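Close look at the chain arrangement
This is what each chain is made of:
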Amino acid sequence: YDFFFLPTTPDIETLVFKNTRATLAGFEASGEHDLTCHLTPFFNMSYVDGRDQDRDAPLPSIFPFQTRVGIRWHDPENKLFGIEFAARIVANQDRIASDLFEEPTPGFTIYDLRAWWQVNPHLRLTTGIDNLSDKNYLEHLSVHDPRVLEPGIIFYAALELDY
């Protein structure tokens, strides 16, 4: 990213993209294991570190470390129904491109509950509640300007039909 002024209009700022020497390093991991025929703990996590070699600074627009851990109770035979409880844990993002007006964000943890039922081979019903504790938090790359807290408790239902 780079800011510059157009020669004919000095009071108009323009944001342009330019190539830079950068390095990205990170990882993703996930797993689950059946503790019993009904109970399965699970996790997934991801982290990326980006560095602009020309500016010797962090790259902008990089998500912070995040993980999701939970436990699932399900039908042991065909997994036709189940319920899961999970925590989404997001670290604070302080590796920011402050010279490009990126701002740090605090970390947060929210808890979700989800249930599903495979009615038949073609129809699946899912329902859930995200952010059970009604926590106020900011997503690092939220597009809202000025910054707006994410919505509180979210209830949802879905119907999936395969034909």
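1. Notes on the overall build of the protein chain
On a plain count of helices and strands, the protein chain comes out with 0 helices and 10 strands. Reading the secondary structure of the protein chain in the N-to-C direction produces β-β-β-β-β-β-β-β-β-β. Of the roughly 10900 Å² of accessible surface on the protein chain, a fraction of 60% belongs to carbon and sulfur atoms.

2. Topic: the confidence of the model for the protein chain
When pLDDT is averaged along the protein chain, the result is 87; 86% of the residues meet or exceed 70. Every residue in residues 1–5 scores below 50 in pLDDT, and together they form 22 contacts with partners more than four places removed in sequence or on other chains.

3. Observations concerning the side chain of Thr-105
Topologically, Thr-105 is positioned in the loop between strand 7 (81–90) and strand 8 (108–120). Of note is the side chain of Thr-105, whose polar atom sits 3.0 Å from the side chain of His-140. Each residue touching Thr-105, except ones within four places of it in the same chain, is listed here: Asn-92, Gln-93, Glu-139, His-140 and Arg-147.

4. Focus: the pairing of strand 6 (residues 66–74)
Relative to strand 6, strand 4 (residues 39–52) is paired through 8 bridges, and the arrangement is antiparallel. Paired with Thr-40 across the bridge in strand 6 is Arg-72. For strand 6 and strand 7, the ladder comprises 9 bridges, and the chain directions are antiparallel. Note that in strand 7 the partner of Gln-66 across the bridge is Val-90. Connecting the antiparallel pair strand 6 and strand 7 is a turn made up of 6 residues, with Lys-79 showing a positive phi of about 55°.

Reading guide: rules and limits
Residues numbered from 1 in each chain as written. Predicted model: local features only at pLDDT ≥ 70, side-chain atom pairs only at ≥ 80, totals over all residues. Heavy atoms only, no water. Helix = DSSP H or I, 4+ residues; strand = E, 2+ residues; numbered from the N terminus. Areas by Shrake-Rupley, 256 points an atom, 1.4 Å probe, with all protein chains shown as cover. pLDDT = per-residue confidence, 0-100. Contact = heavy atoms within 4.5 Å. Polar contact = N/O pair within 3.5 Å; in protein donor to acceptor, adjacent residues only side chain to side chain. Pairing = 2+ DSSP bridges.

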